[in-house]
Amino acid sequence: MERDELRQAFAVESTVNSQAKSALAAGAPFEIWPGRMPAARLHHTYARRLRRLQKLERPSLGFEEAVASLAKIGNQELLVGFIDDRKRGGYRFIVFLSADLTRVIACIGLIVPSREVLDPDVTKE
């Protein structure tokens, strides 16, 4: 999947989608993992992760909406990937795409520590 194709797959406007598209436009690395997963299985996994995130009081974007979207589509198969905007101080986005790669079903923005962001001199030793 090309960068512009992924940007165009974000059909719904939301804060998390806008930031993910901005990260792509700025050249953030991205990858779509091979293999499809049923949305129901992803829902189970990400609902559990949401509860843990809320318990830890960690910030996120679009997490509750993503879990709700995954619940609605049952066993439809999806592809999952990421957009990593941490080098610019942004989020690591998890994207859930339709099996034909034409539509982003849901997107989650997470603050995930990156050694390079937290300590840029680590790699200069």
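What counts, and where the lines are drawn
Residues numbered from 1 in each chain as written. Predicted model: local features only at pLDDT ≥ 70, side-chain atom pairs only at ≥ 80, totals over all residues. Heavy atoms only, no water. Helix = DSSP H or I, 4+ residues; strand = E, 2+ residues; numbered from the N terminus. Contact = heavy atoms within 4.5 Å. Areas by Shrake-Rupley, 256 points an atom, 1.4 Å probe, with all protein chains shown as cover. Phe/Tyr/Trp six-rings, centres within 6.5 Å; stacked < 30°, edge-to-face > 60°. Buried < 20%, exposed > 50% of the residue type's maximum accessible area, 1.4 Å probe, protein only. Expected span 1.5 Å × (residues − 1). Axes fitted to C-alpha atoms, helices over the stretch in contact; angles between N-to-C directions. Parallel < 35°, antiparallel > 145°, perpendicular 65-115°, else oblique. Left-handed = near helix turned anticlockwise from the far one by under 90°. Nonpolar A, V, L, I, M, F, W, Y, C, P; charged D, E, K, R; others polar.

## So, the overall build of the chain
Across its full length, the chain holds 5 helices and 6 strands. Going from the N terminus to the C terminus, the chain shows its helices and strands as α-α-β-β-α-β-α-β-β-β-α. The long-range fraction of contacts in the chain, counting pairs at least 24 apart against all pairs at least 6 apart in sequence, stands at 61%. For the chain, the computed accessible surface area is about 7,600 Å², with 49% contributed by carbon and sulfur atoms.

## Concerning the packing of aromatic side chains
Following the criterion strictly, the structure yields 4 aromatic pairs and no others. On the numbers, 5.6 Å between centres and 40° between planes, the contact of Trp 33 with Phe 82 is tilted. Placement of Trp 33 in the loop between β1 (30-32) and β2 (37-38) and of Phe 82 in strand β4 (residues 77-84) is noted, with a sequence separation of 49 residues between them. Taking the relative accessible area as the measure of exposure, Trp 33 reaches 31% and is therefore partly exposed. Between Tyr 91 and Phe 93, the aromatic rings sit 5.9 Å apart at their centres with planes inclined by 45°, giving tilted as the arrangement.

## Some points on helix α3 (residues 39-56)
Taking 1.5 Å of rise per residue, 18 residues should cover 26 Å, and α3 covers 25 Å from first to last C-alpha, within 8% of that figure. By the burial criterion, the buried members of α3 are Ala 39, Leu 42, Thr 45, Tyr 46, Ala 47, Leu 50 and Leu 53. Just downstream of α3 lies Glu 57, where phi reads positive at about 55°.

## Description of unusual backbone geometry
Despite not being glycine, Glu 57 shows a phi value in the positive range, around 55°. Its place among the elements puts Glu 57 in the loop between α3 and β3 (60-61). Of the residues examined, Glu 57 reaches a relative accessible area of 70% and is grouped as exposed. Even without being glycine, Leu 101 reaches a positive phi, approximately 65°. Positionally, Leu 101 belongs in the loop between β5 (92-98) and β6 (104-110).

## So, the packing of α3 against helix α4 (residues 63-72)
Taken N-terminus to C-terminus, the directions of α3 and α4 make an angle of 155°; their axes are 8 Å apart at the nearest point. The angle between the axes of α3 and α4 places the two elements in the roughly antiparallel class. Judged by the twist between their axes, the crossing of α3 over α4 is left-handed. Residues Ala 39, Leu 42, His 43, Tyr 46, Ala 47, Arg 49, Leu 50, Leu 53 and Gln 54 of α3 form the contact with α4, whose participating residues are Phe 63, Glu 64, Val 67, Leu 70 and Ala 71. Classifying every residue of the contact of α3 with α4 gives 10 nonpolar, 2 polar and 2 charged.

## Let's talk about the environment of Leu 70
Mapped onto the elements, Leu 70 comes out in helix α4. Once the C-alpha coordinates of Leu 70 and Pro 38 are considered, the two residues, 32 residues apart in sequence, prove to be 9.3 Å apart. The contacts of Leu 70, once residues within four sequence positions are left out, are Ala 39, Leu 42, His 43, Tyr 46, Leu 78 and Phe 96.

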